[in-house]
Amino acid sequence: MNAIDVHGLVKRFGDKTVVNDVTMQVARGEIVGFLGPNGSGKTTTIRIMCGLLTPDEGDGTVLGFNLRTEGLKIKREVGYMTQRFSFYEDLTIAENLAFVARLYDLKPVGAHVDRTLEELGLASRRNQLAGTLSGGWKQRLALAACIMHQPKLLLLDEPTAGVDPKARRDFWDEIHRLAADGLTVLVSTHYMDEAERCHRISYISYGTMLATGSVADVVRDAGLVTYLVDGPKLEKLAAELRERPGVEQVAPFGASLHVVGSDEEALKAALQDLDGREGVRVSRGETSLEDVFIQFMANSTDNMQ
Amino acid sequence: MNGFFSFSRLIALLIKEFIQMRRDRITFGMMLGVPLMQLVLFGYAINSDPKALPAALVSLSQDHYSRAMVSALENTDYYRFDHVVESAAEAEKLMASGKVVFVVTIPSDFARRVDRGQRPQILIEADATDPSVASGAISTLGTVASEALLRERGVPASEAKPADRLEVIVHRRYNPEGISQYNIVPGLLGVILQMTMVMMTSIALTRERERGTMENLLAMPASPLEIMLGKVLPYLVVGAVQVAVILGAAKLLFGVPFIGSLWLLLTAVLIFVLALVLLGYTISTVARTQMQALQLTFFFFLPSILLSGFMFPFRGMPDWAQWLGEIFPLTHFLRVIRAVMLKGADLPTVAFETGILVLFIIVYAGFALMRFRRTLD
Ligand SMILES: Nc1ncnc2c1ncn2[C@@H]1O[C@H](COP(=O)(O)OP(=O)(O)OP(=O)(O)O)[C@@H](O)[C@H]1O
Ligand SMILES: [Mg+2]
């Protein structure tokens, strides 16, 4: 049985369709990355899955419980980390954790709180008000709080926004360790390197699910061709290339340009005369996930405006 | 674990709420300080014995008896004769416009009656819209004026015949019933409780929503009933403390009599407070922002204070206003508390009105649970 199995989800706010016919299956123990531009409906979809929003259409089960009728059962087994810090800023770290522990009926409360604080490395600051933590630490506290009751499914909404690289690495190690024990994770992110750490990714654009699969699948299915252009005065060259037919993206990466297009022949033709120029070198490159996403964004019309 | 209600989850919510309450020093201070301040302020304003009230003298005869009486009245410090007018119509205008609180009329035949040994009369009209203002002044008037007159005539008070005594005719204007101040202090208890309790709880949920903590709270397994009780019970405790403070102050500062059973009184007050916090909570399930919640609260305050019988005698209002007044818990509470505190009523006497307060609790709680949005839609 899949941990998440929803189909045809639709959510409208007024006359805006924010989630449009979203279908998603996530197997037990899988880590799925949820990607998409700002305002594409990631948070909304996640909220529907943990029962915080009722879908206008569509149905499904989360952990085997009906999305529409068994909200309370879902809530007990799901850990949801909100995009915006939503613990009590006027409670201390320890008090927030104790609140969560009691709500989930974890006993003994003190031991759970102490263990979590220890793992977080916040034991010495237990009596600090949560509101006075730095942004990154707030994220880490929120994450710790939502895995405290050992949920079967984690719904994480940009859990590592503003978190330093070391803590991010620790976070992903932890996620993989938990997944190995059977925890399912759906995590939204804007970081490509995090997407690559997921078993699978789903890309949503303005409410519509555009692609789903492993990173390699998604990159391959996009059917993009990428060339690397090295040489002097890349800035001018980039401007020139953007005008040419067949060139769909030009982006500087360090000392070279990524030139991306979906039609290999047209792209080749566009770059033909460059190779002869002084100091300019053109070579075939790997299409990155980011290239694919930029392509997705360029192709999808923003229906949010 | 039961989905609908779990004691440990309620405890979690209660502890959290109490900690937040304690941390919010200003609000916490207001919860205890404001009621006391209001009681003292209003209580004294109502209970005090105002002095040097502006008065008009309609003296149609400028004889020495009149002058003696006027100066004696001024010496009591209650009256300050700012206006000496010639006609009753002029005096009437002064009172209607609020420039004077009293009009003392000494008739033109005053001196003649004194000299002939007939019983002299004076007329005092008092603006009784605020009954407490006039009462002290009126009660001293009779004796003071009478003695001044006897002194002026050289008659010792012990030898005065009934006909020598001055007859004072008092007209209470605008509010002939003259609600007593004892009526007001118990009423004040109801009004102050209503003010603080409804206001505090009306922002209970909207605050969570505005701070973004609602999303987290709803994502965790707390049922609507638990959330409601978690919000409401802490304020019930605050209400109980307020009641103790106000009743203590009412006794110590104002000597308001407690004739009836204290237990009956406390039970009635607690039922009333529970109705109030549930009303506040209901408001917070309807309002989207704290601002809206406060506006709704005030929208409710004014009519409930005006129509409950706190400000004006309930039975003196037109029928439709009385009907409207019945929908406010304050109205019923005032009946109960006045009956118990001042008239020593027992449970059977106030059972009906108390029952109506319980009905409010059921209706508010039901409505709040129905209105509670488990989702963020
Ligand atoms: N309660 C609401 N009422 C009206 N519109 C809403 C509401 N919540 C979200 N929206 C709209 O729905 C769209 C999707 O929002 P959502 O928060 O799901 O995007 P997202 O993918 O999480 O974006 P981000 O990457 O910026 O977090 C946005 O256009 C947003 O304005
Ligand atoms: Mg979002």
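Residues numbered from 1 in each chain as written. Chains lettered and ligands numbered in written order. Predicted model: local features only at pLDDT ≥ 70, side-chain atom pairs only at ≥ 80, totals over all residues. Heavy atoms only, no water.

By the naming in an unreviewed UniProt entry, chain B is Transport permease protein, taken from Nitratireductor aquibiodomus RA22.

Caption draft 1: Spotlight on the overall build of chain B. Looking only at helices and strands, chain B has 15 helices and 5 strands in total. In terms of C-alpha radius of gyration, chain B reaches 28 Å, well past the compact-globule figure of 21 Å for 377 residues. With the C-alpha coordinates of chain B rotated into their principal frame, the extents come out at 95 × 40 × 40 Å. Taken over 377 residues, chain B has a buried fraction of 52%. For chain B, long-range pairs separated by at least 24 residues make up 80% of all intrachain contacts whose partners lie at least 6 apart in sequence. Entry remark: accessible area of chain B is about 16,900 Å², with carbon and sulfur atoms responsible for 65%. Here chain B carries 33 positive and 30 negative side-chain charges, and the mean point of each set is 8 Å from the other. (Helix = DSSP H or I, 4+ residues; strand = E, 2+ residues; numbered from the N terminus. Rg over C-alpha atoms; globule rule 2.2 N^0.38 Å. Buried < 20%, exposed > 50% of the residue type's maximum accessible area, 1.4 Å probe, protein only. Contact = heavy atoms within 4.5 Å. Areas by Shrake-Rupley, 256 points an atom, 1.4 Å probe, with all protein chains shown as cover. Lys, Arg positive; Asp, Glu negative; His and termini not counted. Charge placed at Lys NZ, Arg CZ, Asp CG, Glu CD.)

Caption draft 2: A look at the UniProt feature "transmembrane region" (unreviewed entry) in chain B. All names here are of chain B. If you check UniProt for "transmembrane region" (unreviewed entry), the listed places come out as residues 26–46, 184–205, 232–254, 260–281, 293–314 and 350–370 in our numbering. Each end of residues 184–205 is marked by a C-alpha atom, and these two atoms are 33 Å apart; helix forms 95% of the span and strand 0%. Here residues 260–281 is 91% helix and 0% strand, with 31 Å between the C-alpha atoms at its ends. (UniProt positions renumbered as here; feature names shortened; annotations may be inferred.)

Caption draft 3: View of the sheet that holds strand S2 (residues 16–26) of chain A. Residue and element names in this part refer to chain A. Strand order across the open sheet formed by 4 strands is S2-S1-S4-S5, with antiparallel pairing between neighbours. Both edges of this open sheet fall to S2 and strand S5 (65–66), since each of them pairs with a single strand only. Across 7 bridges, strand S1 (residues 4–13) lies against S2 in antiparallel orientation. Across the sheet, residue Lys11 finds its bridge partner in S2, namely Val19. Relative to the sheet, helix H1 (residues 42–49) contacts S1, S2 and strand S4 (57–62), its axis offset from that of S1 by approximately 120°. (Pairing = 2+ DSSP bridges. Axes fitted to C-alpha atoms, helices over the stretch in contact; angles between N-to-C directions.)

Caption draft 4: Broad picture of the environment of Leu178 of chain A. Residues and elements named next belong to chain A. When you line up the elements, Leu178 lands in helix H6 (residues 165–180). Residues Leu178 and Ile147 lie 31 residues apart in sequence; the distance between their C-alpha atoms is 9.8 Å. Every residue in contact with Leu178, bar those within four places of it in the chain, is listed here: Ile147 and Leu183.

Caption draft 5: Examining the domain arrangement of chain B more closely. What the domain assignment lists for chain B is domain 1 (53–173) and domain 2 (180–371). Between domain 1 of chain B and domain 2 of chain B, the C-alpha centre-to-centre distance is 45 Å. (Domains from an automatic or database assignment.)

Caption draft 6: Looking closely at the confidence of the model for chain B. The pLDDT averaged across chain B works out to 82; a share of 90% of its residues lies at or above 70. Both scores are given for the predicted complex: the pTM is 0.78, the ipTM 0.86. (pLDDT = per-residue confidence, 0-100.)

Caption draft 7: Structural detail: the sheet that holds strand S7 (residues 153–157) of chain A. All names here are of chain A. Across the sheet, which stays open at both edges, the 6 strands sit in the order S6-S7-S8-S3-S9-S10 with mixed pairing between neighbours. Each edge of the open sheet carries a strand with a single partner, namely strand S6 (78–81) and strand S10 (208–213). Ignoring strand direction, the axes of neighbouring strands in this sheet form an average angle of 15°. Bridge count for strand S3 (residues 31–35) against strand S9 (residues 200–205) is 4 bridges, and the pairing is parallel. Among the inter-strand pairings, Val32 is bridged to a residue of S9, identified as Arg200. Seen against the sheet, H1 touches S3, S6, S7, strand S8 (184–188) and S9 and runs at an angle of roughly 155° to S7. Of the strands in this sheet, S3, S9 and S10 touch helix H11 (residues 289–299), which is tilted by about 25° from S9.

Caption draft 8: Seen up close, the site of ligand 1. Residue and element names in this part refer to chain A. The environment of ligand 1 is formed by 15 residues, the closest being Gly39, Lys42, Thr43, Thr44 and Gln83. Between an oxygen atom of ligand 1 and a side-chain N or O atom of Glu158, the distance comes to 3.4 Å. Here an oxygen atom of ligand 1 and a side-chain polar atom of His190 are 3.0 Å apart. For ligand 1, whose unbound accessible area comes to 640 Å², protein coverage reaches 68%. (Near = heavy atom within 4 Å. Polar contact = N/O pair within 3.5 Å; in protein donor to acceptor, adjacent residues only side chain to side chain.)

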